[in-house]
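# Working through the structure, step by step
Read off the chains here:
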Amino acid sequence: MAEKDFELEKESAGGFERFLFFMIPIIFTVVLIGVLLALFNMDVRNNMLEFAHKIPIVKNLVPEPVKDPEKTKLQDAKDQVKSANATIEELKSKLATKDADLKKAKEEQTQQDQKLKSVQEQLDSAQKSATDTAQQNAVDTDPYEKQIKDLAKMYADMSPNKAAPIMQNMTTEEMVQLLSAMKNDNRTAILAKMDPKVAADVSMKLKDAVSSSDLAIAALQSRIDKDAGAKKEASTSGLDKNQIGQTFAAMPANSAADLLLSTYKISPEKVLTILNAVNDSTRSGILDAMSKKDAKTAAVILNKLMTK
């Protein structure tokens, strides 16, 4: 029994010796670190403490490094700057993406605007072409307009020396109507060969020339007035109704309607006299054209014709 106790005591002593053998370097290291900490400044001590905290077991025996408030603030500031820089880079990336999207949207908008402009130009061209075609068709289908153009071409093809004296026998309005249908070169050459006073009167009216229909009405009215004046000088019995009837029978219904509507504002009785002088078919055509242009005035004229 005593031998067994001795063996136990011996094993215990050996274990203690082993423990001391293991702990002595650690204790030495701790003591050495403590001495060094007392000798060196704060930075060195903190570095050594940080190193000691990396050693197993020793890290439990040494104190935590003492943090310098200034360095802590500096490190915090650096961390904040680093975080702010990261945020700035992220925002820059997002801004670049937005700029790219905006640029793409602008390019698409520009393309859409160009397409819209192209379509609008095509539409304007189509509308102009349709208008020109309609105007040309109107001229082609109106025999009176065609006759005026043919007559103007005939005088334009003549030499100015021959055309000018012939045209001076017309009324000023008739000359204006024909000259308006000519090219500028032909018109200038003929005016140069006319009497200066006549040329001046025609030029002033050419300056104020309006639509072809208004020119036609003015020319017809001037012819009627001229014929009426000549007839009045030859006879006191007034105008020849047959002559008036033949004049309006030869006119297109639309032109006659325009002329009579304008005359009605000046002298309603003359309009009634003219309509009574034409034949039934001519009167019917003129009244139909008048009703399309001014239904109210046409109705008044028809009523007066029925009661006259």
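None of these values were measured; they are calculated from a predicted model.

### Some points on the overall build of the chain
When helices and strands are counted, the chain shows 14 helices and zero strands. Secondary structure elements of the chain occur, N-terminal to C-terminal, as α-α-α-α-α-α-α-α-α-α-α-α-α-α. In the chain, buried positions account for 23% of the 308 residues. When contacts within the chain are restricted to residue pairs at least 6 apart in sequence, those whose partners lie at least 24 apart make up 60%. Accessible area of the chain: about 21800 Å², with a carbon and sulfur share of 58%.

### Digging into the packing of helix α10 (residues 241-250) against helix α12 (residues 268-277)
As a packed pair, α10 and α12 sit with axes 8 Å apart at the nearest point and diverge in direction by 80°. As judged from the angle between their axes, α10 and α12 are roughly perpendicular. Of the residues in α12, those in contact with K241, I244, G245 and F248 of α10 are T273, I274 and A277. The residue inventory of the contact of α10 with α12, partitioned by class, reads four nonpolar, two polar and one charged.

### Details of the nonpolar core
One broad trend across soluble globular proteins is that nonpolar side chains are buried collectively. M167, L179, M194, F248, M290 and I301 are the most contacted members of the largest nonpolar core, which has 43 residues in total. It is helix α11 (residues 253-266) that contributes the most residues to this core, six residues altogether. Contact partners of I301, with chain neighbours within four places excluded, come to Y264, V271, L272, L275, L287 and M290.

### Points about the pattern of salt bridges
In this structure the tally under the stated criterion is eight salt bridges. A salt bridge links D150 to K146, with the nearest nitrogen and oxygen atoms 3.2 Å apart. Within this pair, D150 and its partner K146 are both found in helix α4 (residues 143-157), separated by four residues, close to a single helical turn. Relative accessible area serves as the criterion here: at 43%, D150 is assigned to the partly exposed category. The salt bridge partner of D288 is K292, with a shortest N-O separation of 3.6 Å.

### Quick word on the confidence of the model for the chain
Considering every residue of the chain, the mean pLDDT works out to 75; 62% of them sit at 70 or more. Between the elements of the chain, mean pLDDT differs from a low of 59, seen in helix α1 (residues 2-39), to a high of 90, seen in helix α7 (residues 184-192).

### Observations concerning helix α5 (residues 160-167)
Regarding α5, the residues found buried are A163, A164 and M167. Looking down the long axis of α5, one finds its buried residues gathered within 100° of arc, a one-sided arrangement. Opposite the packed face of α5, turned more than 90 degrees from it, sit the exposed residues N161 and K162. Looking at the packing, one finds that the buried side of α5 touches α4, α6 (172-180) and α7.

### Here's the deal with the side chain of T297
Position of T297 relative to the elements: it lies in helix α14 (residues 295-307). For T297, a relative accessible area of 18% puts it in the buried group. Within the structure, the side chain of T297 is placed 2.8 Å from the side chain of D294, a separation counted as a polar contact. Contact partners of T297, with chain neighbours within four places excluded, come to L261 and Y264.

### Observations concerning the environment of A298
Here A298 shows up in helix α14. Put simply, A298 and I286 are twelve residues apart on the chain and 9.7 Å apart in space, counted from C-alpha to C-alpha. Excluding residues that lie within four positions of it along the chain, A298 makes contacts with M290 and S291.

### What about the side chain of R187?
Turning to its location among the elements, R187 is positioned in helix α7. The buried charged residue R187 lacks any salt bridge partner; its closest oppositely charged side chain belongs to D185, at an N-O distance of 8.4 Å. Here R187 is in contact with L179, S180, M182 and L206, once residues within four sequence places are set aside.

### Some remarks on the environment of I286
Residue placement: I286 occurs in helix α13 (residues 280-293). The class of I286 is buried, set by a relative accessible area of 2%. Remark: the alpha-carbon pair of I286 and A257, spanning 29 residues in sequence, is separated by 5.4 Å. Not counting residues within four places of it along the chain, the set of residues in contact with I286 comprises A253, A256, A257, L260 and L275.

Rules of the game
- Residues numbered from 1 in each chain as written.
- Predicted model: local features only at pLDDT ≥ 70, side-chain atom pairs only at ≥ 80, totals over all residues.
- Heavy atoms only, no water.
- Helix = DSSP H or I, 4+ residues; strand = E, 2+ residues; numbered from the N terminus.
- Buried < 20%, exposed > 50% of the residue type's maximum accessible area, 1.4 Å probe, protein only.
- Contact = heavy atoms within 4.5 Å.
- Areas by Shrake-Rupley, 256 points an atom, 1.4 Å probe, with all protein chains shown as cover.
- Axes fitted to C-alpha atoms, helices over the stretch in contact; angles between N-to-C directions.
- Parallel < 35°, antiparallel > 145°, perpendicular 65-115°, else oblique.
- Nonpolar A, V, L, I, M, F, W, Y, C, P; charged D, E, K, R; others polar.
- Core = buried A, V, L, I, M, F, W, Y, C linked by side-chain atoms within 4.5 Å.
- Salt bridge = Lys/Arg side-chain N within 4 Å of Asp/Glu carboxyl O.
- pLDDT = per-residue confidence, 0-100.
- Arc of directions from axis to C-beta.
- Polar contact = N/O pair within 3.5 Å; in protein donor to acceptor, adjacent residues only side chain to side chain.
- Lys, Arg positive; Asp, Glu negative; His and termini not counted.

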